[in-house]
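# Overview (structure and organization)
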Amino acid sequence: MKKILVAAFVILALFSGTLTAQDNIEKKKIEYLISSVENLKSAKFIRNGSEYAGKQAAEHLRMKLQKVGSHVQTADDFIKLCASQSYMTGKPYMIKFSDGKTIRAEEFFRNKLKEYSSTVK
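The notes below deal with the structure included here. (Residues numbered from 1 in each chain as written. Predicted model: local features only at pLDDT ≥ 70, side-chain atom pairs only at ≥ 80, totals over all residues. Heavy atoms only, no water.)

All right, on to helix H4 (residues 105–120) then. Its 16 residues place the ends of H4 22 Å apart at the C-alpha level, agreeing with the 22 Å of an ideal helix rising 1.5 Å per residue. Those residues of H4 not exposed but buried are Ala-105, Phe-108, Phe-109, Leu-113 and Tyr-116. Seen from one end, H4 has its buried residues packed into an arc of 135 degrees, which puts them on one side. Exposed positions of H4 whose direction lies more than 90 degrees from the buried face are Lys-114 and Ser-118. (Helix = DSSP H or I, 4+ residues; strand = E, 2+ residues; numbered from the N terminus. Expected span 1.5 Å × (residues − 1). Buried < 20%, exposed > 50% of the residue type's maximum accessible area, 1.4 Å probe, protein only. Arc of directions from axis to C-beta.)

Now the structure itself:
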């Protein structure tokens, strides 16, 4: 019986370590996504029809992330729940580049997530 309890404890310890490592990876991905908009040069983050510089956009996304708390477990959750659209109006967030091209923020963040994943491997 003692051996079974020890084995169970070891398995639980390994499993929790794996979960913690996965949590850290997802947190790094989320911070990478926020930083990618924070460091945009000559581009604007559009929220509910108003344009914001990257720093203000990042502040807003961090605030939303804090408010949704444990509902965001992955970078994908972050994109869906925080970075794609306004919770209040349902309007999609947009990114407007210096050349005038405008894309949905969700597309921007999904591309950045792919970029991150390809550089980490």
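When its volume is computed, the largest pocket comes out at roughly 200 Å³. Taken together, Met-63, Lys-64, Lys-67, Val-68, His-71, Lys-80, Leu-81, Gln-85, Ser-86 and Tyr-87 make up the lining of the largest pocket. Among the elements that line the lining of the largest pocket, the one with the most residues is helix H2 (residues 54–68), at 4 residues. Reported here for the second largest pocket is a volume of approximately 160 Å³. What lines the second largest pocket is Asp-23, Glu-26, Lys-27, Ile-30, Leu-65, Gly-69, Ser-70, Val-72 and Gln-73. A total of 4 residues in the lining of the second largest pocket trace back to one element, the largest contributor, which is helix H1 (residues 2–38). (1 Å grid on protein atoms, 1.4 Å probe; cavity = no way out; pocket = protein on both sides within 12 Å on 5 of 7 lines; lining within 4 Å. Points joined across faces, edges and corners; volume = space filled by probe spheres on them.)

Here the focus is the pairing of strand S1 (residues 44–47). With 3 bridges joining them, S1 and strand S3 (residues 94–96) adopt antiparallel strand pairing. Residue pairing in the sheet places Lys-44 in a bridge with Lys-96 of S3. Relative to strand S2 (residues 50–52), S1 runs antiparallel, the two being bridged by 3 bridges. When the sheet's bridge partners are listed, Arg-47 is paired in S2 with Ser-50. With antiparallel pairing between neighbouring strands as the criterion, S1 and S2 make up a hairpin whose turn holds 2 residues, including Asn-48 at a positive phi of roughly 55 degrees. (Pairing = 2+ DSSP bridges.)

Turning our attention to the packing of H2 against helix H3 (residues 75–83). Packing of H2 against H3 brings their axes to within 10 Å, and their N-to-C directions diverge by 105 degrees. Regarding the angle of H2 to H3, the classification is roughly perpendicular. For the pair H2 and H3, the contacting residues are Leu-61, Lys-64, Leu-65 and Val-68 in the first and Phe-78, Leu-81, Cys-82 and Ala-83 in the second. Its residues placed into classes, the contact of H2 with H3 shows 7 nonpolar, no polar and 1 charged. (Axes fitted to C-alpha atoms, helices over the stretch in contact; angles between N-to-C directions. Parallel < 35°, antiparallel > 145°, perpendicular 65-115°, else oblique. Contact = heavy atoms within 4.5 Å. Nonpolar A, V, L, I, M, F, W, Y, C, P; charged D, E, K, R; others polar.)

Time to look at the sheet that holds S1. Taken together, the 4 strands give an open sheet; going across it, the order is S2-S1-S3-S4, and neighbouring strands pair in antiparallel fashion. Pairing within the sheet leaves two strands with one partner each, and these edge strands are S2 and strand S4 (102–104). Each strand of the sheet is rotated relative to its neighbour by a mean of 30 degrees, with strand direction disregarded. Contacts from H4 reach S1, S3 and S4 within the one sheet, and its direction differs from that of S4 by about 75 degrees.

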